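Structural description and commentary
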Amino acid sequence: MTDTTAGQAPAPVSAPAPAQAADPARERLRRWRLVLGGDQADGTGCALSGRDAAMDGALAALYGKGDKASAGRDRSAGLGASAPSVARWLGDIRDYFPSSVVQVMQRDAIDRLGLASLLLEPEMLQAVEPDVHLVGRLLSLHKAMPETTRETARAVVRKVVGELEKRLATRTRATLTGALDRSARVRRPRHHDIDWNRTIAANLKHYLPEYRTVVPERLIGYGRAARSVKKEVVLCIDQSGSMAASVVYASVFGAVLASMRSISTRLVVFDTAVVDLTDQLDDPVDVLFGTQLGGGTDINRALAYCQERITRPAETVVVLISDLYEGGIRDEMLKRVAAMKASGVQFVALLALSDEGAPAYDREHAAALAALGAPAFACTPDLFPEVMAAALEKRPLPIPDPA
């Protein structure tokens, strides 16, 4: 088990000692003892020693405090406010738990114990396990970072971004290149470029019953993506605090799209102000440090900026990534979406671009967009290339089943 619920420790995952492994009942008691924390009511009667005791101490430092239910329990060590003690604790949990659990415990430590300020110290940043959520936290703090910390923070962010690019870039380019090829139809395709499904559908009226075949008078083929720009993509990203993970993923995808010659990519971030970061798309780390997570939200203003820069509406995809809590003029926002769609723009509304599903969002605005033919839904990073391919080809979006 790697996830936690609020206030609960992750289930211990370390390998049992050989003597314990031979006794399944004892091993179950040992694990329950680690989960329950060892107060008199845990009922296990199991004592810990050695590595188990050290693991229990690491769990106690984080999960032994913070609620009334834990009063009187043995777990009461805490992490204190000392950067060295926190750094030692971070090293301990990396020894005892796998990376996925370490990332959960780090987030819990920051949220439950208010340790965000310690991320401004280089020693802390060198000790943490980097992940998307840590990047989001650093971006929200980077304006307050001392100069000595900024380079360390950039190194942490660059490591996470590099891992995301390795995971996402190749598949994204392949998927979108195929979509661009298919969207560029030619009248006289070579044999291996013929789109047989569309060709047969377009020539069914030429079916010859006596020969039980279709004689095509018009061939439809896949075009080859030329070096010239075929499509334009505008990523319009809400940088309010709740959208941190989405901002990270969108910046990585923006850089990948910008690297494709057939796509002209614009990246815009907004809160109550609008910032165009297109000129920094060659480095997603620069994009991320150009954002300012937090603040209000004016979607209408951001869409107005994007709308003014659309020159080829029929070849443009606008992707709005927002929880839709609008602080601007709601009716104007909806009118802009309707106007863009009427002009031929493919409009995609994503409530989140992350692995964690939809956050809290404005359901009334989501319903209003759906009524305009722009359903709003949460999208995982792995699904995003398929969503973009469908938008580029002007076919129905692969909206995930909410169930």
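As shown above, the structure is provided for reference.
A brief structural summary. All of these numbers come straight from a predicted model, not from anything done at the bench.

1. A few points about the sheet that holds strand β6 (residues 263-270)
- Strand order in the open sheet formed by 6 strands is β7-β6-β5-β8-β9-β10, and the pairing between neighbours is mixed. For this open sheet the edge positions go to β7 (274-276) and β10 (376-379), each flanked by a neighbour on one side alone. Taking each pair of neighbouring strands and ignoring which way they run, the sheet shows an average axis angle of 25 degrees.
- Taken together, the 6 bridges between strand β5 (residues 231-238) and strand β8 (residues 316-321) define a ladder with parallel strand orientation. Looking across to β8, one finds that C236 is bridged to L320.

2. A closer look at helix α14 (residues 363-371)
- Within α14 the residues assigned to the buried category are H365, A366, A368 and L369. Angular distribution of buried residues about the axis of α14 spans 160 degrees; they occupy a single face of the element. Exposed residues pointing more than 90 degrees away from the buried face of α14 are listed as R363, E364 and A371.
- Along its buried surface, α14 packs onto α13 (330-342), β9 (346-353) and β10.
- Residue D362 occupies the N-cap position of α14, its side-chain oxygen lying 3.1 Å from the main-chain nitrogen of E364.
- Once α14 finishes, G373 follows within two positions and takes phi at roughly 85 degrees, a positive value.

3. Quick notes on the side chain of D108
- Secondary-structure assignment places D108 in helix α5 (residues 99-113).
- A distance of 2.7 Å separates a polar atom in the side chain of D108 from a polar atom in the side chain of Y63.

4. Re the state of the cysteines
- Applying the stated criterion to the full structure yields 0 disulfides.
- No disulfide involves C236; its sulfur sits 3.8 Å from the nearest other cysteine sulfur, which is in C306.
- Residue C236 is classed as buried on the basis of its relative accessible area of 0%.
- For C306, a relative accessible area of 1% gives the class buried.

Quick notes on the rules
- Residues numbered from 1 in each chain as written.
- Predicted model: local features only at pLDDT ≥ 70, side-chain atom pairs only at ≥ 80, totals over all residues.
- Heavy atoms only, no water.
- Pairing = 2+ DSSP bridges.
- Helix = DSSP H or I, 4+ residues; strand = E, 2+ residues; numbered from the N terminus.
- Axes fitted to C-alpha atoms, helices over the stretch in contact; angles between N-to-C directions.
- Buried < 20%, exposed > 50% of the residue type's maximum accessible area, 1.4 Å probe, protein only.
- Arc of directions from axis to C-beta.
- Contact = heavy atoms within 4.5 Å.
- Polar contact = N/O pair within 3.5 Å; in protein donor to acceptor, adjacent residues only side chain to side chain.
- Disulfide = S-S within 2.5 Å.

Scope: geometric values only; no functional claims are made or implied.
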